[in-house]
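A structural walkthrough
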Amino acid sequence: MKRILVLVLFWLASVGLSSIPVIAGPSTASRWMDVEGSDLPMFSAVQHGSEFWVVVRDGDFGQIMKWSGLTLEPVGPLLFQPEDMDLMSYHGEVYSGGLYVRDEETGDWWGWRIWTGSGWESAIDTTMWDIHSLGGYAVLRDTLYLVGLFRTRQTAEDFYLARVDGNNLIGIPTELSGIAADAATYQDQLFISVIGSHGSVQENFPRVYRFDGTTCAPVLGEDGQTPVGNAQTNSSGTNFLEYQGELYVSGLFKLSGATELTSIAKWDGSNWTDMNLNLPRDRWGGIGSMVEFQNKIISTYWASERGIWQFSNSTWSRIGELEGQAARQILVRDGQLLVIGEFTTVDNTEISYAATPNYCCIGTRGNVDGDAADQVDLSDLSSMVSFLVAGVMPPTDCSIESDVDGSLNVDLSDLSILIAYLTQTENRPVLSTCP
């Protein structure tokens, strides 16, 4: 094989590398496509068995709907503030709740409700508890915990953390410095993130707390650092994601002692690290929703340079540029990446409210000829040379496979990587992953 490749290199040298044209590869617009049935702005979604549930807005009101992939079917009454509603699937049931969401018909706080098959009912005993706000949930040691604002009916005592016991809540005393907005379990402990309350500064107050089953305290690193709030803490939401054995939290904060704002930090079990890296740093926030997909973090970013961003190999890259309003949530639906929100354009292509990647590539790039085994071999090199020298299109219409370096152009750089991949045993280049 090496001899053949050497001959190819000699032949390329004889025709003159400078004479090989740079031919445009896949366009930015080709990376995303519209999702059928996404006719209304969307804010939150959850996969529940074979069903897909979504919160939408229609005019001044919102509503929970089932989304068949073709049509939207209303489920329940109209809502105020649908942008703050979340859905969850737990133990075979669908639940809904949010930050100060109200029922349009009754004016009541939506609280935390369960779908009975014919309507939404409170999931807890309302003679005992009034749920004003539900920020997030997590399961620790087979127990479901909720974070938000929970008030006892008899004593009007407020709790921001509670565990679920049947249809009752058990309030857990905490001293959080804001609104509890999300929760996650990591290393057999419950982590809670908070956002500022109603414009209050909260500049030096901790943003992430940890509950070990007994006590709740700010998460301090060995170096004493912890994420702390700032003047705009209430402008950005917050989310957790465990990725490659470490816990990431998004929001808008600083690491204590640092001067720069960050929209994402990582906890490795001992210390915090600013993971904003090459992401824009914006005083209004940035990262919203996050999900792990194909060994990468995929996130929404709603402030400057809004769009869909990807994190891998210690670098952030924007893989989708949005116009209109922001993306609200990113998730995996039936094994496929799905982004929902209020946007109307992705990468200069008209796509309304829901987008999914438009690609044929699987795993890594380089299968230029598109063989069914997805192998990268001499046949791919031959197809690449024919394309670059003579303009002969590869047998497959999946141009992303030819864009080996992921630069959005198919050129000599791709050819060079392909040759090195097929000839070198040491320092062999790594093929770029598919979108």
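Just so it is clear, the structure is predicted and the values come from calculations on it, not from any experiment. (Residues numbered from 1 in each chain as written. Predicted model: local features only at pLDDT ≥ 70, side-chain atom pairs only at ≥ 80, totals over all residues. Heavy atoms only, no water.)

**Some details on the environment of V54**
- For V54, the position within the fold is in strand 4 (residues 51–58).
- Residue V54 is classed as buried on the basis of its relative accessible area of 0%.
- The sequence separation of V54 and I340 amounts to 286 residues, and the corresponding C-alpha distance is 9.4 Å.
- Dropping the residues within four chain positions of it, V54 is found in contact with M42, S44, A45, Q63, I64, M65, W67, L72, L87 and I340. (Helix = DSSP H or I, 4+ residues; strand = E, 2+ residues; numbered from the N terminus. Buried < 20%, exposed > 50% of the residue type's maximum accessible area, 1.4 Å probe, protein only. Contact = heavy atoms within 4.5 Å.)

**Quick word on the nonpolar core**
- In terms of nonpolar packing, the biggest core is built from 17 residues, with Y95, W112, L144, L146, F150 and L169 touching the most fellow members.
- Elements with a minimum of two residues in this core: strand 8 (85–90), strand 11 (112–115), strand 13 (129–140), strand 14 (143–152) and strand 15 (158–165).
- Those residues in contact with W112 that lie beyond four places of it in its chain are M88, Y95, S96, E121, S122, A123, I124, I131, L134, L144, L146 and V164. (Core = buried A, V, L, I, M, F, W, Y, C linked by side-chain atoms within 4.5 Å.)

**Considering the pattern of salt bridges**
- One pass over the structure, following the stated rule, counts 11 salt bridges.
- Of the charged contacts in the structure, one is a salt bridge between E260 and R281, with a shortest N-O distance of 3.7 Å. On the criterion of sequence distance, the pair formed by E260 in the loop between strand 23 (246–255) and strand 24 (262–267) and R281 in the loop between strand 25 (272–274) and strand 26 (287–293) is long-range, its members being 21 residues apart.
- A relative accessible area of 45% means that E260 is categorised as partly exposed.
- Judged by its relative accessible area of 33%, R281 falls in the partly exposed class. (Salt bridge = Lys/Arg side-chain N within 4 Å of Asp/Glu carboxyl O.)

**So, the pairing of strand 4**
- Here strand 3 (residues 42–48) runs beside strand 4; their pairing, made up of six bridges, is antiparallel. Of the residues in strand 4, the one forming a bridge with Q47 is F52.
- Between the antiparallel neighbours strand 3 and strand 4 lie two residues, among them G49 with a positive phi of about 60°.
- Pairing of strand 4 with strand 5 (residues 61–67), which is carried by six bridges, proceeds in the antiparallel orientation. Pairing of W53 across the sheet is with K66, part of strand 5.
- Counting the residues between successive antiparallel strands, the hairpin from strand 4 to strand 5 contains two residues, one of them, G59, with a positive phi of roughly 75°. (Pairing = 2+ DSSP bridges.)

**Observations concerning the environment of L78**
- Mapping L78 onto the fold places it in the loop between strand 6 (72–74) and strand 7 (79–80).
- Judged by its relative accessible area of 31%, L78 is partly exposed.
- Distance from L78 to D103, taken between C-alpha atoms, is 6.5 Å for residues 25 residues apart in sequence.
- Discounting chain neighbours no more than four positions away, the residues touching L78 are F61, G62, Q63, R102, D103 and E104.

**Here's the deal with the sheet that holds strand 14**
- Ordered by their spatial adjacency, four strands build an open sheet running 13-14-15-16, and the pairing between neighbours is antiparallel. Each end of this open sheet is capped by a strand with a single partner; those strands are strand 13 and strand 16 (168–172). The sheet shows a mean angle of 35° between the axes of neighbouring strands, taken without regard to direction.
- Sheet topology note: the strand 15/strand 16 ladder contains five bridges and is antiparallel. Paired with V164 across the strands is L169, a residue of strand 16. (Axes fitted to C-alpha atoms, helices over the stretch in contact; angles between N-to-C directions.)

**Notes on the packing of aromatic side chains**
- The full count for this structure, using the stated rule, is 18 aromatic pairs.
- When the ring of W53 is compared with that of W120, the centres are 6.1 Å apart and the planes differ by 80°; the resulting orientation is edge-to-face. In this pair, W53 sits in strand 4 while W120 sits in strand 12 (residues 120–122), placing the two residues 67 residues apart along the sequence. Of the two residues, W53 and W120, neither departs from the other in class, the shared state being buried.
- In this structure an aromatic cluster arises from ring pairing among W53, W110, W115 and W120. (Phe/Tyr/Trp six-rings, centres within 6.5 Å; stacked < 30°, edge-to-face > 60°.)

**Quick notes on the sheet that holds strand 18 (residues 189–195)**
- Spatially, the four strands line up as an open sheet ordered 17-18-19-20, and their pairing is antiparallel. Each end of this open sheet is capped by a strand with a single partner; those strands are strand 17 (179–186) and strand 20 (216–218). Within the sheet, the average angular offset between the axes of one strand and its neighbour, ignoring direction, is 30°.
- Taken together, the four bridges between strand 18 and strand 19 (residues 208–211) define a ladder with antiparallel strand orientation. In the sheet register, S193 faces strand 19, and the bridge partner there is V208.

**A word on helix 3 (residues 412–423)**
- Given a rise of 1.5 Å per residue, 12 residues ought to cover 16 Å, and the 16 Å separating the end C-alpha atoms of helix 3 matches this to within 8%.
- Three or more residues of helix 3 are buried, namely D414, L415, L418, I419, A420, Y421 and L422. (Expected span 1.5 Å × (residues − 1).)

**Quick word on the confidence of the model for the chain**
- Averaged over every residue, the pLDDT of the chain is 85; the share at 70 or more is 89%.
- Predicted confidence for residues 15–29 stays below pLDDT 50, and this span has 28 contacts to residues more than four positions away or in other chains. (pLDDT = per-residue confidence, 0-100.)

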